[in-house]
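Structural overview for review
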Amino acid sequence: MNSIGEAFQNKKAFIAYLMAGDPSLAASAEYILTAQEAGADLIEIGIPFSDPIAEGEVIQAASARALSAGTKLDGVFDMVAFIQDRMRVPMVFMTYLNPVFVYGYERFFARCAALGVGGVIIPDMPYEEQGEAKEAAGKCGVAVITLVAPTSEKRVAEIARHAEGFVYLVSSMGVTGVRGEITTDVPSIVAEIRRVSDIPIAVGFGIATPEQAAYYADLADGVIVGSAIVRIIGQYGMGAKEALYAYAKGMKAAIRGG
Amino acid sequence: MGHGRFGEFGGRYIPETLMSALYELEEAYTRCQSDPAFQAELSGLLKHYAGRPSLLYDARNLTKEAGGAKIYLKREDLNHTGSHKINNVLGQALLAKRMGKTRIIAETGAGQHGVAAATAAALLGMECEVFMGKEDTERQALNVYRMRLLGTTVHPVTSGTMTLKDAVNETMREWTKRVSDTHYVLGSVMGPHPFPMMVRDFQSVIGREIRSEMLEAEGRLPDAVVACVGGGSNAMGAFYDFIGDGAVRLVGCEAAGRGIDTERHAATIARGAVGVFHGMKSLFCQDECGQIAPVYSISAGLDYPGIGPEHAYLHRIGRAEYVPVTDDEAVEAFEKLARAEGIIPAIESAHAVAHALRLAKEMGEEKCLVVCLSGRGDKDVAAIARYRGEDIHE
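Residues numbered from 1 in each chain as written. Chains lettered and ligands numbered in written order. Predicted model: local features only at pLDDT ≥ 70, side-chain atom pairs only at ≥ 80, totals over all residues.

What follows concerns the overall build of chain A. A count of helical and extended segments in chain A gives eleven helices and nine strands. Since a compact globule built from 258 residues should have a radius of gyration of about 18 Å, the 17 Å found for chain A is in line with a globular shape. With 258 residues in all, chain A has 60% of them scored as buried. A separation of at least 24 residues holds for 75% of the contacts in chain A among residues at least 6 apart in sequence. (Helix = DSSP H or I, 4+ residues; strand = E, 2+ residues; numbered from the N terminus. Rg over C-alpha atoms; globule rule 2.2 N^0.38 Å. Buried ≥ 20, exposed ≤ 12 C-beta atoms within 10 Å, placed from the backbone. Contact = placed C-beta atoms within 7 Å.)

Given below as structure tokens:
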């Protein structure tokens, strides 16, 4: 298994998100390898859910496309198994709690471990509700990655102290999606996390341009880019490889320089 | 029942961005519960503005028609704005105001909760925005215009199935965008803690009144309390005061749409499974992969794939029973109540009336039962006409 920590070793991490099954699982397999080739240090694989309440329109639409294409959790696992031997960078899943809960925590995390998926991000499972999942995930050596939001305030230290893998720092209020401007005081939240933990911090939500990526990579340990990538895939469908490669390469270069 | 749990159900499964707001809300609510000034202001509004206590009506014609137990109707339809929703909304809006919030947002299905929220916002001088599935804005056009008259902006929701579930999704997304000056007035006993508890408390006035009105009318408690269940707020409000009275049967009526053996229903207890969605662990209509199922009912207010966690718990421990009622049965009861008593119920409440007619017969003449008539049916008249093949324009 490629541990999540490797993504942050001696470098700023570029974390690329894409939705499994959009437009097809075969395309997702190809695009994950493309993102790796373009320099992504960690791949975040979205598992589609019918009601993704933390997502903006871009990822909502991708989730709906993936589900209408018939994407199921076992299919996502099979897709990851297909590329597992070619993956040099760590992978994590991002999804909502219900598909995991219904699949069964132990069964889910055992599959993650067998496939080399090092962690999960579940936006509707805040710190207080992680007990059940963490117990099962811990036995399999899979990290439950927690989010910290601009409104977390007094909760930041407690969350950071118990964080696994990396802290997903939500840059802005609202849902996922490309933003022109981010107004949150990210540096002070980073400082608060650093005060209690040396866990890597990756900033996400709204980051789309190389300038934004460079800025946040400089402040933290990595940046997460989701909607901008999903939008490219949405635009080009089965033929997104070149555009995706060019975009990811540009973002990685910006982060390396930052 | 600490941490918002009802047995295994409940909890706070919500994005981190909203967690601090939920704690702030819980603290403010706890303070207000023991604050005589808050309680006095709320009961003043419930009495002088909403028109409480609502009547308990001895429905003799309906009783005769059913041919069994005596049927009483708890007339929540006579409240200001025409449903039980005002009880909860006045409580939450007052609370939000005390918390310094200037804006409220709400989801709505049939539009009754949206209208109640719009009304409270007008009364208390707050900004209000309501999210409503596009399909519901079409089948409940009258309520959309009522909300606009009251100064509220109505956002038609075009994602997903374009009904109540999607309206909740969109209101939650809106709340994560703007939480500092905004309170989300959730309309039912669902969502993350403290909503199921708080909405139940605000609605529990229904059951307390039923108790004292029944004692006055019959000198004893009812043998059954019957209410319709979508998320389950009128039912929880009617049931809560009787949970400790084991002899009082508590009966929730779910929307069975075209039948629970078809795919067109919203019968969560009959057909759902344990899951986590909309902030709570509860029962949900879903597929084998945990994707939330598209549900259906003639009633926009019951057209929801989940149920409040406390109902899931009452079902689990066997304290309350839940029965499915189809569109056909509800429409028949809608018409029967209109003709027998001159009362046009909301199509949601007609689900409870339909089952109460069956239950009364089964229970026999020496018994009595109370049906929570949660709302009035003006909003449904055009839809019922369409159901009967008549196209009328409002």
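Our next topic: the overall build of chain B. What chain B contains, in helices and strands, is 16 helices and 14 strands. Its C-alpha atoms put chain B at 55 × 45 × 40 Å along the principal axes. Classification of the 394 residues of chain B by burial places 62% in the buried group. Look at the contacts in chain B between residues 6 or more apart in sequence, and 74% of them connect residues 24 or more apart.

Let us now look at the sheet that holds strand β3 (residues 56–58) of chain B. All names here are of chain B. With mixed pairing, the six strands of this open sheet are ordered in space as β3-β4-β14-β9-β10-β13. At either margin of the open sheet sits one strand with a lone partner, and together these are β3 and β13 (320–326). The mean angle between the axes of side-by-side strands here comes to 25 degrees, regardless of whether they run parallel or antiparallel. In the packing of helix α14 (residues 327–341) onto the sheet, contacts are made with β10 (249–257) and β13, and the angle to β13 comes to roughly 90 degrees. Contacts from helix α15 (residues 347–363) reach β4 (70–75), β9 (224–228), β10, β13 and β14 (368–373), with the element oriented near 150 degrees to β9. (Pairing = 2+ DSSP bridges. Axes fitted to C-alpha atoms, helices over the stretch in contact; angles between N-to-C directions.)

Further remarks concern the environment of R264 of chain B. Residues and elements named next belong to chain B. Relative to the helices and strands, R264 is located in the loop between β10 and α12 (268–271). Between the C-alpha atoms of R264 and G133, which are 131 residues apart in sequence, the distance is 18 Å. Leave out the neighbours within four places in its chain, and R264 touches G257, R258 and Y296.

Now for the domain arrangement of chain B. All names here are of chain B. In terms of domain boundaries, chain B breaks down into domain 1 (2–47 + 85–199) and domain 2 (51–82 + 203–387). Computed over C-alpha atoms, the centres of domain 1 and domain 2 are 22 Å apart. The interface of domain 1 with domain 2 comprises 40 residues on the first partner and 38 residues on the second. Secondary structure elements with two or more residues in the side of domain 1 that touches domain 2: β2 (9–13), α2 (36–48), α4 (85–98), α5 (112–124), α6 (134–139), α7 (141–149), α8 (164–177) and α9 (195–203). At five residues, β2 tops the list of elements feeding residues into the side of domain 1 that touches domain 2. (Domains from an automatic or database assignment.)

In this section: the sheet that holds strand β11 (residues 273–277) of chain B. Residues and elements named next belong to chain B. Reading across from one edge, β1-β2-β12-β11 is the order of the four strands in this open sheet, with antiparallel pairing throughout. Each having just a single partner strand, β1 (5–6) and β11 make up the two edges of the open sheet. In this structure, β1 lies alongside β2, joined through two bridges in antiparallel fashion. Each bridged residue has a counterpart across the sheet, and for F6 the counterpart in β2 is F9. Strands in contact with helix α13 (residues 309–316) are β1, β2 and β12 (279–284); relative to β12, the strand with the most contacts, it is inclined by about 45 degrees.

For α15 of chain B, with 17 residues, the first-to-last C-alpha span of 24 Å sits near the 24 Å given by 1.5 Å per residue. Counted residue by residue, α15 of chain B has 13 buried out of 17 residues, so it is predominantly covered. (Expected span 1.5 Å × (residues − 1).)

Glancing now at the environment of M99 of chain B. Mapped onto the elements, M99 of chain B comes out in the loop between α4 and β5 (103–108). Aside from chain neighbours lying at most four places away, what touches M99 of chain B is E24, A28 and H183 of chain B.

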